[in-house]
Structures are given as structure tokens and as C-alpha cells.
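# Per-entry structural report
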Amino acid sequence: MRALSVVFCVLALACTRGRSGADASSELPLPPIVDASAVPIPSAAPPKVYARRVRPPCAPRPKGFAFALPSEPAGMVQGDAYTVGQCKTNAECTRKPGGQCVRYARQPPHGYSPPSVCAYDACTSGAQCGAGALCACGGDGATNACVFGNCVTDEDCGTNVACRPSYGPDFRSGAMGLFCETQDDRCGARGSCLDPTMSRCAYSGTRWECAASPPIPPG
């Protein structure tokens, strides 16, 4: 009788261990512990600082300065592959010091190009440009030019503030200019105007607003 009791005890112990092992194996593994400090946080857009600057004057050209003839424009074959107008080389542009011969590649399919022209520095500061224009310094690669608008680069508008092209200063004008973003803008990047009748974001003279597309310029 005592031997039989021992056998039952052994069997019961074996069953208990087996059941415990099965229960343990059926449990789901615990998820790994993640260090919250190691998870990257999406960076916010950099703050915009609106601070319109006065453009500095362009550096004066040194005495005897001459532009190097630029490489042939894309699509232009080496040689006389453009419509000769006022010049073939910079040396022919002598009406003012530092003349540059601006040439245009022939455009397919008709092979026409605008005639070459002699270009000269139009300004050294905004005071020499008309109202609503600034002087864009061309440096050693191009002549200085008067640019319509209130900026030439993003730095003219502040920090993280864009200088963007627009027809303006009113929606009906066909003149293209460069204008700073403002704190009162009603639209931003392209595609932000969902109304098909007001499909573009344009500078209105004081801020950017959704406007109708301007008429196609003649020519």
C-alpha cells in the first residue's frame, strides 16, 4: 500500500512539472524595453525671422576689367552657331567699360535664336534703378542688372524667409519680380491655392495671396 502511494506521488509530481512547462512555453514574450531618449523626435520647421535688409552696393569693377567669354550655351555648336547681332566677342562691346557679348543658342525645331547683344552694368546700387527695383550684382560672370521687386536673394528677406518670383505688384500686371514672404501671407508654396479660378500664389503688393493666372504675354 505504501509502495502504491509512492507511485501516485511520483506520477502527480511529473504531471505537475509537465503542465508548468507547457504553460510557461505558451506565454507570449515580453516586448523589449525601449529607451525613450534614443527615439528621434521629428524636428520642427526652423523659425522665420522677418528682417528686410538694405542691399549693399556692388563692388566696383577694377580698372581694365573685362568679362571672359562664357562657354557655349547648352545646345550651341562651337563656332558661329547663333544669330549674330551686335557682337561676336566681348571685345566688340566698347560703348562702356566691361562690356559683355550675350549670345543665345539656336532653339529647335526652327533653329532661331535672338540676336546677340552687348550688355553693360546697369547699376551699382538700388538708387540707380527705378522705383520698385533693386540692383542685382552679377559678379565676374554677368553684368549688374536692375531687378523688379523687393529682394534678390533669401538673405534680403531675413532668416528662413524665402525670396520668390511672382507677377506683380498687382494681379493684373505682367511684370515678373522677386518678392519676400511676409507674416500676413494668405498662401505659400505652389499648390496651396485649391480654387481652380484662383490657382496661383502671387504677390499683391503687400503680401502673397491666391490669384487668377495672368494672361500669356504676347510674342
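Further up the page is the structure itself.
First things first, this report covers the structure right here in the doc. (Residues numbered from 1 in each chain as written. Predicted model: local features only at pLDDT ≥ 70, side-chain atom pairs only at ≥ 80, totals over all residues. Heavy atoms only, no water.)

### A look at the overall build of the chain
Check the secondary structure of the chain and you find 1 helix and 10 strands. When the helices and strands of the chain are placed in sequence order, the string is α-β-β-β-β-β-β-β-β-β-β. Expressed as a percentage of its 219 residues, the buried residues of the chain come to 25%. Summarising the internal contacts of the chain: among those between residues at least 6 apart in sequence, 47% fall at separations of at least 24. In the structure as shown, the chain presents an accessible area of about 15,100 Å², 62% of it carried by carbon and sulfur atoms. (Helix = DSSP H or I, 4+ residues; strand = E, 2+ residues; numbered from the N terminus. Buried < 20%, exposed > 50% of the residue type's maximum accessible area, 1.4 Å probe, protein only. Contact = heavy atoms within 4.5 Å. Areas by Shrake-Rupley, 256 points an atom, 1.4 Å probe, with all protein chains shown as cover.)

### Here we look at unusual backbone geometry
With a phi angle near 60°, Asn160 is a residue other than glycine that sits in the positive phi range. Within the element layout of this structure, Asn160 appears in the loop between strand E6 (158-159) and strand E7 (163-167).

### A few points about the packing of aromatic side chains
For the coordinates displayed, the defined rule picks out 4 aromatic pairs. Here the aromatic rings of Phe65 and Phe67 are separated by 4.9 Å at their centres, their planes lie at 80°, and the arrangement is edge-to-face. For the pair shown, Phe65 and Phe67 are each scored as buried. Seen from their ring centres, Phe179 and Tyr203 are 4.4 Å apart, and the 10° between their planes marks the pair as stacked. Taken together, the residues Phe179 in strand E8 (residues 176-180) and Tyr203 in strand E9 (residues 200-203) connect sequence positions 24 residues apart. Judged on exposure class, the residue Phe179 and its partner Tyr203 are both buried. Here the aromatic residues Phe148, Phe179, Tyr203 and Trp208 are joined through ring pairs into a cluster of three or more. One Lys or Arg, Arg164, reaches over the ring of Trp208 and ends 3.9 Å from the middle of that ring. (Phe/Tyr/Trp six-rings, centres within 6.5 Å; stacked < 30°, edge-to-face > 60°. Lys NZ or Arg CZ within 6 Å of the ring centre and 35° of its normal.)

### Some details on the state of the cysteines
Inspection of the entire model under this criterion finds 9 disulfides. Linked covalently through their sulfurs, Cys58 and Cys137 form a disulfide whose S-S length is 2.0 Å. Here Cys58 and Cys137 share a disulfide; its torsion about the S-S bond, -90°, makes the bridge left-handed. Placement of the pair is Cys58 in the loop between strand E1 (49-50) and strand E2 (100-102) and Cys137 in the loop between strand E4 (133-136) and strand E5 (145-148), with a sequence separation of 79 residues. You can call Cys58 buried: its relative accessible area is 9%. (Disulfide = S-S within 2.5 Å.)

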